[in-house]
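Each chain is listed here by its residues.
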Amino acid sequence: MFLIVGLGNPGEEYEHTRHNAGFDAVDLIAEEVGARYWKTECGALTAKGAYRDHDLVLAKPQSYMNTSGGPVKQLMNAYGVDAEHLIVVHDELDIDPGTVRVKFGGGHAGHNGLRAICDKLGTRDWHRVRVGIGRPPGRMPVVDWVLSKPKKDAADDFVQATDRGAQAALSLVQVGLEKTQQAFN
């Protein structure tokens, strides 16, 4: 079983913002695997499905980005999922918009959602699907950038990246890290 967590913030005002790239990718995965029933458990919206003979639990923590570690840990405990079967899809400032990078382990690079997960799990060793959103233009504050919705061409890049993020997460399930990195990085 794999637990695929998309990071984001709950609420209509955050829908389809850059910071919600993980939520958007998990919604695409749900469509792909036919997971249509979402329920609230362990502080997250969850849906179940299967992909290539692997059971999946899809999750969107509802506790806001900065405290998403709690729901992730609770879900791992509830479903008996170890860190090697955790895939977290999130936005990444240090990657160009429209691109995706996959890795296992590493730091949080100042990303509060990743920091919360690292803190709650006591490890940094889990899969990450990093959806590139790029840096804000000029002197725009980072918080304004990540909480805004991409416009025009940037919106196309964002949609493409969340779709690639969803496909990368499913690739991790099917063929593992090395082949997924070869295909997506």
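Looking at an unreviewed UniProt entry, one finds the protein chain named Peptidyl-tRNA hydrolase and attributed to Eggerthella lenta. Per its UniProt entry, the protein chain bears the Subcellular location (unreviewed entry) comment "Cytoplasm". You can read under Sequence similarities (unreviewed entry) in the UniProt record for the protein chain the words "Belongs to the PTH family."

A.B. asks: Looking at this model, I keep getting lost on the UniProt feature "active site" (unreviewed entry) in the protein chain. Mind explaining?
C.D. replies: Per the UniProt record, "active site" (unreviewed entry) is found at His 19. There is a polar contact of 2.9 Å between the side chain of His 19 and the side chain of Asp 91.

A.B. asks: Hey, could you run me through the environment of Lys 39 in this one?
C.D. replies: Examined against the element boundaries, Lys 39 turns out to sit in strand β2 (residues 39-41). On the basis of relative accessible area, Lys 39 is assigned to the partly exposed category, the value being 31%.

A.B. asks: I tried to follow the UniProt feature "site: Discriminates between blocked and unblocked aminoacyl-tRNA" (unreviewed entry) in the protein chain on my own but got confused; where do I start?
C.D. replies: Here, the residues flagged by UniProt with the feature "site: Discriminates between blocked and unblocked aminoacyl-tRNA" (unreviewed entry) are Asn 9. With respect to the secondary-structure elements, Asn 9 resides in the loop between β1 (2-6) and α1 (21-33). On the basis of relative accessibility, which here comes to 7%, the residue Asn 9 falls in the buried class. Residues contacting Asn 9, with those up to four places away along its chain left out, are Tyr 14, His 19, Asn 20, Phe 23, Tyr 64, Met 65 and Leu 147.

A.B. asks: Just checking my understanding: could you explain the packing of aromatic side chains for this structure?
C.D. replies: Tallied over the full model, the rule gives 1 aromatic pair. Measuring from ring centre to ring centre gives 6.2 Å for Tyr 14 and Tyr 64, while their planes differ by 85 degrees; the resulting arrangement is edge-to-face. Note that Tyr 14 is positioned in the loop between β1 and α1 and Tyr 64 in the loop between β4 (54-61) and α2 (69-79), a separation of 50 residues in sequence. Positioned over the ring face of Trp 38 is Lys 60, at 4.5 Å from the centre of the ring. Looking at Arg 128, its charged tip hangs above the ring of Trp 126, at a distance of 3.9 Å from the centre.

A.B. asks: Would you explain the sheet that holds strand β3 (residues 44-51) in this entry?
C.D. replies: Note on sheets: strands pair through backbone hydrogen bonds, and any given pair is parallel or antiparallel. Taken together, 7 strands build an open sheet; the order of strands is β2-β3-β4-β1-β5-β7-β6 and the sheet is mixed. The two strands at the open ends of the sheet, each matched to only one other strand, are β2 and β6 (100-104). Sheet twist, expressed as the average angle between the axes of neighbouring strands with direction ignored, equals 30 degrees. Pairing geometry for β1 and strand β5 (residues 86-92), over 4 bridges, is parallel. Opposite Val 5, over in β5, you have Val 88 as the bridge partner.

Quick notes on the rules
Residues numbered from 1 in each chain as written. Predicted model: local features only at pLDDT ≥ 70, side-chain atom pairs only at ≥ 80, totals over all residues. Heavy atoms only, no water. UniProt positions renumbered as here; feature names shortened; annotations may be inferred. Polar contact = N/O pair within 3.5 Å; in protein donor to acceptor, adjacent residues only side chain to side chain. Helix = DSSP H or I, 4+ residues; strand = E, 2+ residues; numbered from the N terminus. Buried < 20%, exposed > 50% of the residue type's maximum accessible area, 1.4 Å probe, protein only. Contact = heavy atoms within 4.5 Å. Phe/Tyr/Trp six-rings, centres within 6.5 Å; stacked < 30°, edge-to-face > 60°. Lys NZ or Arg CZ within 6 Å of the ring centre and 35° of its normal. Pairing = 2+ DSSP bridges. Axes fitted to C-alpha atoms, helices over the stretch in contact; angles between N-to-C directions.

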